Amino acid sequence: MGQRMNEAIQKYLDIQEKNELGGGKEQMDRQRDRGKLTARERIDILIDPGTFSELGTCVNTTGMRIDGVAPDAPRDAVVLGTAEVHGRVAMIHAADFTVLGGSTAVQSLMKTARAMELSVQWGMPMIHLMDSSGGRLGYRDVHLAGIDWHFRLQSRFSGVTPQITVLMGPCIAGGAYLPTLCDLLFMSRVSASLWLGGPRQTQAATSEVFDRNMGGADYHMQLTGTCDVVGDDDKETILKCREMLRYLPSNYRQMPPRWEQTDIPDREVGELAQIVPDDFDEPYDMHDVIKILVDDGEYFEIKDEYAKNLICCFCRFDGRSVGLVANNPLHPGSTLDVDTCDKYYRFLQLLDAYNIPLVNLVDTPPLVPGETEEARGLLRHVGKILDVYATTTVPKIGVVLREAYADAGSLVMSGLKGMGADLTYAWPIARFAVEASALDYRQVLGDAVEPDAYDAYWKWSREKVDAFAAAHSWSAQVVDEIVLPKDTRKKIIEALKITENKQEPLPLRKKRHGSSPS
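Residues numbered from 1 in each chain as written. Predicted model: local features only at pLDDT ≥ 70, side-chain atom pairs only at ≥ 80, totals over all residues. Heavy atoms only, no water.

Draft legend 1. Representation of the pairing of strand β3 (residues 88–95) in the model. Counting buried positions along β3 gives six out of eight residues, so the element sits mostly inside the fold. Bridge count between strand β2 (residues 78–85) and β3: eight bridges; the pairing is antiparallel. When the bridges of β3 are listed, alanine 83 appears paired with alanine 90. Note that β3 and strand β4 (residues 126–130) share four bridges and pair parallel. Bridge assignment links alanine 94 to a residue of β4, and that residue is leucine 129. (Buried < 20%, exposed > 50% of the residue type's maximum accessible area, 1.4 Å probe, protein only. Helix = DSSP H or I, 4+ residues; strand = E, 2+ residues; numbered from the N terminus. Pairing = 2+ DSSP bridges.)

Draft legend 2. Here's a closer look at the packing of aromatic side chains. In the structure shown here, the tally under the stated rule is six aromatic pairs. Ring plane angle 50° and centroid distance 6.4 Å describe the contact between phenylalanine 186 and phenylalanine 300, whose orientation is recorded as tilted. In this pair, phenylalanine 186 sits in strand β7 (residues 184–188) while phenylalanine 300 sits in strand β10 (residues 299–302), placing the two residues 114 residues apart along the sequence. Each member of the pair, phenylalanine 186 together with phenylalanine 300, is buried. Ring geometry for tyrosine 247 and phenylalanine 300: centres 6.4 Å apart, planes at 45°, overall tilted. Residue tyrosine 247 is found in the loop between α9 (234–244) and α10 (272–275), and its partner phenylalanine 300 is found in strand β10; the two are separated by 53 residues along the sequence. Against the face of tyrosine 345 rests lysine 384, its NZ or CZ located 4.9 Å from the ring centre. The ring centre of phenylalanine 280 lies 3.9 Å from the NZ or CZ of arginine 431, which sits over that ring. (Phe/Tyr/Trp six-rings, centres within 6.5 Å; stacked < 30°, edge-to-face > 60°. Lys NZ or Arg CZ within 6 Å of the ring centre and 35° of its normal.)

Draft legend 3. Representation of the packing of helix α12 (residues 338–353) against helix α14 (residues 378–391) within the structure. The N-to-C vectors of α12 and α14 enclose an angle of 20°; their axes lie 9 Å apart at closest approach. Taken together, the axes of α12 and α14 are roughly parallel relative to one another. Of the two possible hands of crossing, α12 and α14 adopt the one that is left-handed. Packed against α12, whose contacting residues are Val338, Cys341, Asp342, Tyr344, Tyr345, Leu348, Gln349 and Asp352, the element α14 presents Leu378, His381, Val382, Lys384, Ile385, Val388, Tyr389 and Thr391 at the interface. Each residue belonging to the contact of α12 with α14 can be placed in one class, and the counts come to 10 nonpolar, three polar and three charged. (Axes fitted to C-alpha atoms, helices over the stretch in contact; angles between N-to-C directions. Parallel < 35°, antiparallel > 145°, perpendicular 65-115°, else oblique. Left-handed = near helix turned anticlockwise from the far one by under 90°. Contact = heavy atoms within 4.5 Å. Nonpolar A, V, L, I, M, F, W, Y, C, P; charged D, E, K, R; others polar.)

Draft legend 4. Region of the structure containing the nonpolar core. Of all hydrophobic cores here, the largest spans 63 residues; its most connected members are Leu46, Ile92, Leu129, Phe186, Phe314, Tyr344 and Phe432. Broken down by element, the residue count for this core peaks at eight residues, all from α12. Contact partners of phenylalanine 186, with chain neighbours within four places excluded, come to Ile164, Thr165, Val166, Leu167, Val229, Thr237, Lys240, Cys241, Met244 and Phe300. By size, the runner-up hydrophobic cluster in this structure holds 30 residues, among which are Val276, Phe317, Ile397 and Leu401. (Core = buried A, V, L, I, M, F, W, Y, C linked by side-chain atoms within 4.5 Å.)

Draft legend 5. Expanded view of a nonpolar patch on the surface. Nonpolar side chains collect at one region of the surface, where Met1, Met5, Ile9, Tyr12 and Leu13 lie side by side and expose about 540 Å² of accessible area between them. Structurally, tyrosine 12 is set in helix α1 (residues 3–21). By relative accessible area, which is 44% here, tyrosine 12 ends up partly exposed. (Patch = residues over 30% accessible without salt bridge, like charges linked within 9 Å, V, L, I, M, F, W, Y side chains within 5 Å. Areas by Shrake-Rupley, 256 points an atom, 1.4 Å probe, with all protein chains shown as cover. Salt bridge = Lys/Arg side-chain N within 4 Å of Asp/Glu carboxyl O.)

Structure (structure tokens):
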């Protein structure tokens, strides 16, 4: 080799050596002292060993001066590249907090935006490992440093390839929109914070003082519903993301990955009859039912601490990846309210985008009436579920265990065939009705209505129709077949096989979306 080549190679090696140090040993030590991992340590936990191929290693910051000197920012605070996760290629973007606090600027944002474009062109998931102090102050190159491009690409590519954020540090102001535009958000309990305005920023603008924990993982899991999965620390959170990727396809053109069969497809589950009480007023935990039904008793729950009266989880039946939505009678009567509707709506969108079949386990009274829920827009939120359920084209299979009443059980939980349910099964003890209340309206309204109203029509709205009566009339379009509790797993697997080649294109739509209630 000549001198020119030797000098070029040495320059490249110097850059790579500097990249390995990130913002320097002192900054790396501070990162670990905070209970956080470095960008490369996080990537190594997520991916299959030895598969990371980095892009943009020679990028550095531009257009910024500190005391007249351009700061050194290896990779412009972004470690980016492709890697394999469970043998499938994914695009990985990891913010490096040791470099200028992981702050974003033109080079880092355009680097990430280009990676998003490539992930769609190449048909692979886009995974963001975020830990950033926000926009880089003192930057004068381009207004907003290109974050507007980022928002646009995230929205346009939504539902094309999975977009996942694992948040393990601060995420503030405009940057806080990035995780919410992804399909799934994982947050580390020890390090993640998500605010539109952080404590100091809010205090400076409005004088309001609030606790730092307000934007933490538990806050966004239990109160706002923004977070999908919480981990105790960075490592556990990343490992949960790695596990969840096993249920998703790489892009919308693929079917979900089929796992190796590890459970008996026709295994009887007679113990379900002991778990689910005959007394309709007696509660039980639907998680116990799910553990018995699914392959190896394993499932991956989403938003497990939010709207607990509805369970949304990924699981497997005979190796097939399935999205399971179930009422949980252990919590406020397993009724649907505004928060539950939001949770269900978002999960249905995810399933339909990535060709994942829906299985409903139904045991619910009607929606919750009352001033509080009505004022929060209950009708509008139920309308969102009606819209997305009716337009969801994946297989939809329902099993009514005990009760399916009115809007909550019949319309949006695979209880009425006219809404698009493919197959609906019912246990022998199941019953259906318009409403669950046993209240005699004559006691409330007195002489305000005609004397014969109760016998003429009111009493029929709460008449309970059992599974046999529902199955007796095929035109009722409620029950396809009554199944014994012990055969529930077998019938679900059978239904998934029957419907695996389902095709249901939406009619007369030039665009890929309608206008659902907001």
